[in-house]
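The residues making up each chain are set out below.
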Amino acid sequence: MPSPKAPGPDRDFIRVQASAIHGTGVFAKRPIPRGTRVFEYAGRRVAKAELLAAAGRGERTLTYVLNLDEDTAIDGAEGGNDARFVNHSCEPNCEIYIFDGTPYVYAMQEIPAGAELTFDYQLQSVGSARLSRALSRELFPCHCGAPTCRGTLVALPKRRAKAGRATPAQAAPPQG
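Residues numbered from 1 in each chain as written. Predicted model: local features only at pLDDT ≥ 70, side-chain atom pairs only at ≥ 80, totals over all residues. Heavy atoms only, no water.

Draft legend 1. Representation of unusual backbone geometry. Phi at Asp100 takes a positive value of approximately 50°, unusual for a residue other than glycine. On the basis of relative accessible area, Asp100 is assigned to the exposed category, the value being 84%. (Buried < 20%, exposed > 50% of the residue type's maximum accessible area, 1.4 Å probe, protein only.)

Structure (structure tokens):
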């Protein structure tokens, strides 16, 4: 896991422009090395219950919301920065790390100049209710175009390991 480093004066890596994935996106102005902290995901901290209640009343959509923890989200639409424009991809080149309650976007790989920055939104159902795959695709469609696109911004359910079978993390690496 990367360590949180203070940004230096030469960390201006990005520009915001129209995206082929969806609406507005964030693009690399210059190559971004793997492991680089690109920027903080900024915005107002808000209780998820408050966001859901407002959405239920039709007062807002949850467009720029990043889950921080079980009870709190960051609303990038209020006091946010360019990180709110990072689009979803099923094959992302960035990921979110949270240090001391502050989320940061990090490069998972070398990102060439001109490439769009993406992370996997991994949307979750609220409570114990689960959306069907078809409904997930209808309500939260993905347009990332990745070869392994799952067709939705919703995370796939985690598979439970069967008793007596090793999970990939438990399995021995191939010898060779």
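Draft legend 2. Geometry of the sheet that holds strand S5 (residues 65-67). Strand order in the open sheet formed by three strands is S4-S6-S5, and the pairing between neighbours is antiparallel. Two strands close off the open sheet at either side, each with one partner strand: strand S4 (44-47) and S5. On average, each strand axis in the sheet is tilted by 35° relative to the strand beside it, whichever way the strands run. Where S4 meets strand S6 (residues 72-75), four bridges bridge the pair, whose relative direction is antiparallel. If you follow Val46 over to S6, its bridge partner there is Ala73. Most of the contacts of helix H1 (residues 48-56) go to S4, to which it runs at about 80°, and overall it touches S4, S5 and S6. (Pairing = 2+ DSSP bridges. Helix = DSSP H or I, 4+ residues; strand = E, 2+ residues; numbered from the N terminus. Axes fitted to C-alpha atoms, helices over the stretch in contact; angles between N-to-C directions. Contact = heavy atoms within 4.5 Å.)

Draft legend 3. Structural view of the environment of Gly79. By the secondary structure assignment, Gly79 is in the loop between S6 and strand S7 (87-88). Apart from residues lying up to four places away in sequence, Gly79 is in contact with Ala42 and Gly43.

Draft legend 4. Representation of the side chain of Ser89 in the model. The topology assignment puts Ser89 in the loop between S7 and strand S8 (94-99). A polar side-chain atom of Ser89 sits 3.1 Å from the main-chain amide nitrogen of Glu91. In contact with Ser89, other than residues within four places in its own chain, are Thr118, Phe119, Asp120, Cys144 and Ala146. (Polar contact = N/O pair within 3.5 Å; in protein donor to acceptor, adjacent residues only side chain to side chain.)

Draft legend 5. Representation of the sheet that holds strand S2 (residues 24-28) within the structure. Taking strand neighbours across the sheet as the criterion, the four strands line up as S1-S2-S10-S7 in an open arrangement whose pairing is mixed. This sheet does not close on itself; its edge strands, each paired only once, are strand S1 (14-18) and S7. In this sheet, strand S10 (residues 116-119) lies alongside S7 in parallel orientation, the contact comprising two bridges. Each bridged residue has a counterpart across the sheet, and for His88 the counterpart in S10 is Phe119.

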